[in-house]
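Here is what each chain is made of, one letter per residue.
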2 protein chains.
Amino acid sequence: MGDVELIPEPLTRAAFAPFGDVIEVDGAHRMEINNGTTERFHNLAAVDVTSEGGHPLINIFRGQPRPQPICIRTIERHPLGSQAFVPINDLSWLLVVAPPLGAPTANQLRAFRASGKQGVNYRAGVWHHPLIVLEPDHDFIVVDRGGPGDNCDEVQIEGGGAYLAI
Amino acid sequence: MGDVELIPEPLTRAAFAPFGDVIEVDGAHRMEINNGTTERFHNLAAVDVTSEGGHPLINIFRGQPRPQPICIRTIERHPLGSQAFVPINDLSWLLVVAPPLGAPTANQLRAFRASGKQGVNYRAGVWHHPLIVLEPDHDFIVVDRGGPGDNCDEVQIEGGGAYLAI
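The residue numbering used here restarts from 1 in each chain and proceeds along that chain's sequence as written. Chain A is the first chain written and ligand 1 is the first ligand written, with later ones labelled in order. Owing to the predicted nature of the model, reporting of local features is limited to residues with pLDDT of at least 70; listing and counting of side-chain atom pairs is limited to 80 or more, with chain, interface and lining totals taken over all residues. Side-chain descriptors were evaluated using all non-hydrogen atoms of the structure, hydrogens and water having been removed beforehand.

A. Main features of the sheet that holds strand β1 (residues 4-6) of chain B. Residues and elements named next belong to chain B. With mixed pairing, the three strands of this open sheet are ordered in space as β1-β17-β7. The open sheet has two edge strands, β1 and β7 (71-72), and neither has a second partner. Two strands pair when backbone bridges link them, and β7 and strand β17 (residues 162-164) are joined in this way by two bridges, in the antiparallel orientation. Bridge pairing in β17 places C71 opposite Y163. Pairing between strands requires that DSSP locate at least two bridges from one strand to the other. Helix and strand definitions follow DSSP, with helices as H or I runs of at least four residues and strands as E runs of at least two, each counted in order from the N terminus.

As structure tokens, then:
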């Protein structure tokens, strides 16, 4: 376990803005369509997946809880594309990010607690920890990039890791 | 109400193949990632949204039930892009489609009943009825096309409508 204790902040659009988008209905641009039988909460994420011959993929990720305390020792980024996660099951989940600079130190990490009605879209190049869920079989729709090129960097946290205070 | 009674079929990949993809975990290509804490059900839909300067959008649609019997009098298509719907709430829903030809007649319509764990991706140009849900506030992640051009044709069903036998 690393020395740094990471305390998750509530996930809000403002707090997450340096890292990408929060995908949620609250506060979104809303349009009424289909003769009033449907509300469209429009364009909730800047999908950026076409560089270097990329194309969008739709996937489902099924996450399982990690042993606690949850230690953050490595972090990854996708330099060629954004990656969106939207929970299907209405269950809270956690995310850990760092600014899109060099390999982060533990002090540069930030943790967020998302509700089960909040997804995120990581901007290309934003460091993020692989999926962290708290309940078994937590499913997410994931929209990311397929195509040529090396689109995953994984590094150790510089100077030791951190653990999530949950 | 139209003369033709439409009986929803169970939604399967084989039955829906002429119209697009079924987005579901069952039968999908599965990869273990994140040191075994996540299963990735990979590339579940052929997202096709970049023609004529288009780009992918992620939206949430919130559907409300229609009065019953549900009459199918009009149908629409998006000639410039695919459109994917994945339910967030685990509730059954209905869809009505027709082959990507001229304006369909009622006899060319096909109806499907999807489970709450099944989404679809309509291929570009496939006729489909706007969202049909059976419970209030049924939310879907929708991945479709943004960008220039006229991407929605809506027509009356040729020779009268149909109604859904549910």
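B. Looking closely at the relation of the copies chain A and chain B. The atoms used to superpose the copies are C-alpha atoms, taken from residues with pLDDT of at least 70 in both, and the fit is least squares. Placing chain A over chain B gives an RMSD of 0.0 Å and needs a rotation angle of 180 degrees, together with 0.0 Å of translation along the axis. Each copy turns onto its partner about a two-fold axis. Across chain A, the smallest distance between a C-alpha and the rotation axis is recorded for I88 of chain A, namely 2.3 Å.

C. Summary view of the pattern of salt bridges. Note on definitions: salt bridges are taken to be side-chain nitrogens of Lys or Arg within 4 Å of carboxyl oxygens of Asp or Glu. Under the counting rule described, the total for this entry stands at 16 salt bridges over all chains. The salt bridge involving R77 of chain B is made with D153 of chain B; its shortest N-O contact spans 2.8 Å. Here R77 of chain B, found in strand β8 (residues 74-77), pairs with D153 of chain B, found in strand β16 (residues 153-156); they are 76 residues apart in sequence, far enough to count as distant. Note on classification: 1.4 Å probe, protein chains only; a residue is buried when its accessible area is under 20% of the maximum for its type, exposed when over 50%, partly exposed between these limits. A relative accessible area of 23% places R77 of chain B in the partly exposed class. Where salt bridges share partners, they join R30, E32 and E39 of chain A into one cluster.

D. Region of interest: the packing of aromatic side chains. Classification of ring pairs uses Phe, Tyr and Trp, with its six-membered ring standing for Trp, and accepts pairs whose centres are within 6.5 Å; under 30 degrees between planes counts as stacked, over 60 as edge-to-face, and the remaining range as tilted. Taken as a whole, this structure holds 16 aromatic pairs over all chains when the rule is applied. Summarising the aromatic geometry, the rings of F61 of chain A and F85 of chain A are spaced 5.5 Å apart at their centres and angled 80 degrees between planes, so their arrangement reads as edge-to-face. Taken as a pair, F61 of chain A in strand β6 (residues 55-63) and F85 of chain A in strand β9 (residues 83-87) lie far apart in primary sequence, 24 residues in all. Under the relative-accessibility criterion, F85 of chain A is labelled buried at 5%. Aromatic side chains F16 of chain B and F112 of chain B sit 5.7 Å apart centroid to centroid with 85 degrees between the ring planes, which places their arrangement in the edge-to-face category.

E. Representation of the nonpolar core in the model. By size, the foremost hydrophobic cluster in this structure holds 30 residues, and its most contacted members are I23, I58 and I141 of chain A together with I23, I58 and I141 of chain B. Going through the elements one at a time, β6, β9 and β15 (138-146) of chain A together with β6 (55-63), β9 (83-87) and β15 (138-146) of chain B are the ones with two or more residues in this core. If we skip the residues at most four places from it in the chain, I141 of chain A touches I58, N59, I60, A84, F85, V86 and I88 of chain A together with V86 and I141 of chain B. The criterion is simple. A nonpolar core is a set of buried Ala, Val, Leu, Ile, Met, Phe, Trp, Tyr and Cys residues joined through side-chain atoms within 4.5 Å. We call two residues in contact whenever any of their non-hydrogen atoms come within 4.5 Å of each other.

F. Region of the structure containing the interface of chain A and chain B. Contact residues are listed per partner, giving 37 residues for chain A and 37 residues for chain B. Accessible area that two parts lose when put together, evaluated with a 1.4 Å probe and summed over both, is termed the buried area. Of the roughly 3300 Å² buried at the junction of chain A and chain B (both faces included), carbon and sulfur atoms supply 61%. Its largest share of buried area at the contact with chain B, chain A owes to I58, I60 and R62 of chain A, together 21% of the area lost on that side. At the junction of chain A with chain B, the criterion picks out two salt bridges. In this structure, D144 of chain B and R40 of chain A form a salt bridge, with 3.0 Å as the shortest nitrogen-oxygen distance. We define a polar contact as two N or O atoms separated by no more than 3.5 Å, with the added condition that, inside protein, one atom must be a possible hydrogen donor and the other a possible acceptor, whereas residues neighbouring each other in sequence contribute only through side-chain atom pairs. Our count for the contact surface shared by chain A and chain B stands at 16 residue pairs in polar contact (both at pLDDT 80 or more). Looking at the side of chain A that touches chain B, the elements that each hand over two or more residues are β5 (38-41), β6, β9 and β15 of chain A. Looking at the side of chain A that touches chain B element by element, the count peaks at eight residues for β6 of chain A. For the side of chain A that touches chain B, the class distribution of residues is 21 nonpolar, 10 polar and six charged. For β5 of chain A and β6 of chain B, the ladder comprises four bridges, and the chain directions are antiparallel. Gly is put with the polar residues, along with every residue not named as nonpolar or charged; the nonpolar set is Ala, Val, Leu, Ile, Met, Phe, Trp, Tyr, Cys and Pro, and the charged set is Asp, Glu, Lys and Arg.

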